[in-house]
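# Notes for the structure review
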Amino acid sequence: MMEFGVMFGSVIVLCVLAIIAFLSMKFLQKNSGPKPLSVNYHFTRQCNYQCGFCFHTAKTSFVLPISEAKRGLKMLKEAGMKKINFSGGEPFIKDDGQYVGKLVRYCKQSLKLPSVTIVSNGSLITEDWFQEFGEFLDILAISCDSFDEPTNRVIGRHQNKKHHLSSLTCVRDWCKEYRVAFKINTVVNTHNCDEDMSQEILDLDPVRWKVFQCLLIGGENTGPDAIRHAESFVISEEMFEKFVQRHKSVPQLVPESNTAMKDSYLILDEYMRFLDCTKGKKDPSKSILDVGVQEAIKFSGFDEAMFKKRGGRYVWSKADMKLDW
Ligand SMILES: C[S@@+](CC[C@H](N)C(=O)[O-])C[C@H]1O[C@@H](n2cnc3c(N)ncnc32)[C@H](O)[C@@H]1O
Ligand code: SF4
């Protein structure tokens, strides 16, 4: 009887200790902020296009010295980053693509990140760039909102006489030749929402086709201090759903409504500050270079659950993709 009492007491003590350990872990997780598993670094705001709906506009011309950008990337890797996406502005505008190329090589070769990706409008990329840096890049996403050139012009996705669609096909061919996984991003807005892009997307055969509902962000593409005014580009959830349904036979389709998109990305701006979009505008944290990743990320507004729900974690290393090059 005595032995049973001691055993019962021990079980109770163990249970209490386990509950305390679990609660402490949850408390620590909550107070240390989310892990920066997948980060989007918008290192420049400059761009050669003028898309009317753009939500990351040329409010500054600042770009970090490359040594500082590398220092920040190393800090992110030490904090748990597995995927980095370079974005902008237009990432290939800085030093003819050399800046982003050197960061891509640093992230793959020195930091050994499983996934290094870029999202670009495609117009400034050259074959020389692929020859020098292609091997270090996992995925290149090119934005294409329409296969009708006049529609691209109305949207502002063009530069002078350059045809956006010829840049797109050139880059697709180089991706195949230099073994970089090719992806397409589309923003559904009032000018393309009735289009059927299925056949052209099937022909281009990207590994993934991200389709976004046009999003408004205060201070970027809406409001008095904004450079762009994208209200006339915005479509309803129903119009977005109609576009998605029209393309449901495209296997690579990954739709993202405003709700799924708004807070599910960890965004770093040109000063390496996390941008919190929860209030409908981009509120910056302090720079990770000044206060460290753990402190800055508490002010990122990142919704980790929505990141998981929208499929933010996918096969993102080209080594793990079964690609027929
Ligand atoms: C800001 S851009 C920067 C990279 C590059 N200049 C480009 O256009 O691909 C990053 C991605 O955001 C998308 N995007 C821009 N404005 C948007 C908006 N208002 N709503 C949803 N996506 C948007 C672009 O089409 C692109 O795929
Ligand atoms: S969405 Fe258009 S304007 Fe904005 S950064 Fe990309 S290409 Fe430039």
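Let me begin by describing the structure that accompanies this report. In this text, all values refer to a predicted model and were calculated from it rather than measured experimentally.

The next thing to look at is the site of ligand 2. Surrounding ligand 2, one finds Cys47, Tyr49, Gln50, Cys51, Cys54, His56, Gly88, Gly89, Glu90, Asn121 and Arg157. The residue inventory of the shell around ligand 2, partitioned by class, reads 4 nonpolar, 5 polar and 2 charged.

Around ligand 1, the structure places 19 residues, and the nearest of them are Phe55, His56, Ser143, Asn185 and Leu215. Those elements giving two or more residues to the shell around ligand 1 turn out to be β3 (115–120) and β5 (181–188). Partitioned by chemical class, the residues of the shell around ligand 1 number 10 nonpolar, 8 polar and 1 charged.

Taking 1.5 Å per residue, 13 residues should reach 18 Å; helix α3 (residues 98–110) reaches 17 Å between its end C-alpha atoms and fits that length. Tyr99, Val100, Gly101, Leu103, Val104 and Cys107 are the residues of α3 that are buried. Immediately downstream of α3, the backbone of Lys112 shows phi near 55°, a positive value.

Running from amino to carboxyl end, helix α2 (residues 66–78) crosses α3 at an angle of 35°, the nearest separation of the two axes being 11 Å. As for how α2 packs across α3, the hand of that crossing is right-handed. Along the contact surface, α2 presents Ile66, Ala69, Lys70 and Leu73, while α3 presents Tyr99, Lys102, Leu103, Tyr106 and Cys107. In the contact of α2 with α3, the residues fall into 7 nonpolar, no polar and 2 charged.

Going from Gly88 to Gly89, the amide bond is cis rather than trans, its omega being 25°. Within the element layout of this structure, Gly89 appears in the loop between β2 (83–87) and α3. Here Lys112, not a glycine, exhibits a phi torsion of approximately 55°, which is positive. Considering the arrangement of structural elements, one finds Lys112 in the loop between α3 and β3. The exposure class of Lys112 is exposed, given the 8 C-beta atoms found within 10 Å. We note that Arg179 has phi near 60°; this positive angle belongs to a residue other than glycine. Relative to the helices and strands, Arg179 is located in the loop between α6 (164–177) and β5. Owing to 14 C-beta atoms within 10 Å, Arg179 belongs among the partly exposed residues under this scheme.

Take the pairing of strand β9 (residues 273–276) next. Sheet analysis places β9 next to strand β10 (residues 283–287), joined by 3 bridges and oriented antiparallel. Residue pairing across strands places Arg273 opposite Ser287, the latter belonging to β10. Taking the residues between adjacent antiparallel strands as the criterion, β9 and β10 are bridged by 6 residues, where Gly280 takes a positive phi near 80°.

With that out of the way, let us pick up the pairing of β2. The two faces of a sheet get side chains in turn, since along a regular strand they alternate between them. Across the 5 residues that make up β2, a large majority, 5, are buried. Going residue by residue along β2, you find Lys83, Asn85 and Ser87 tucked away on one face and Ile84 and Phe86 tucked away on the opposite face as well. Pairing between strand β1 (residues 38–42) and β2: 5 bridges, direction parallel. Bridge pairing in β2 links Ser38 to Lys83. Note that the unit made of β1, α2 and β2 has a crossover that is right-handed. In this view, the connection linking β2 to its parallel neighbour β3 by way of α3 has right-handed handedness.

What follows is about the environment of Leu137. Along the chain, Leu137 turns up in the loop between α4 (127–133) and β4 (139–143). With 20 residues separating them along the chain, Leu137 and Thr117 place their C-alpha atoms 6.0 Å apart. Not counting chain neighbours up to four residues away, the residues in contact with Leu137 comprise Val104, Val116, Ile118 and Val180.

Scoring rules and cut-offs
- Residues numbered from 1 in each chain as written.
- Chains lettered and ligands numbered in written order.
- Predicted model: local features only at pLDDT ≥ 70, side-chain atom pairs only at ≥ 80, totals over all residues.
- Near = placed C-beta within 6 Å.
- Nonpolar A, V, L, I, M, F, W, Y, C, P; charged D, E, K, R; others polar.
- Helix = DSSP H or I, 4+ residues; strand = E, 2+ residues; numbered from the N terminus.
- Expected span 1.5 Å × (residues − 1).
- Buried ≥ 20, exposed ≤ 12 C-beta atoms within 10 Å, placed from the backbone.
- Axes fitted to C-alpha atoms, helices over the stretch in contact; angles between N-to-C directions.
- Left-handed = near helix turned anticlockwise from the far one by under 90°.
- Contact = placed C-beta atoms within 7 Å.
- Pairing = 2+ DSSP bridges.
- Right-handed = clockwise from strand over helix to strand, strands pointing away.

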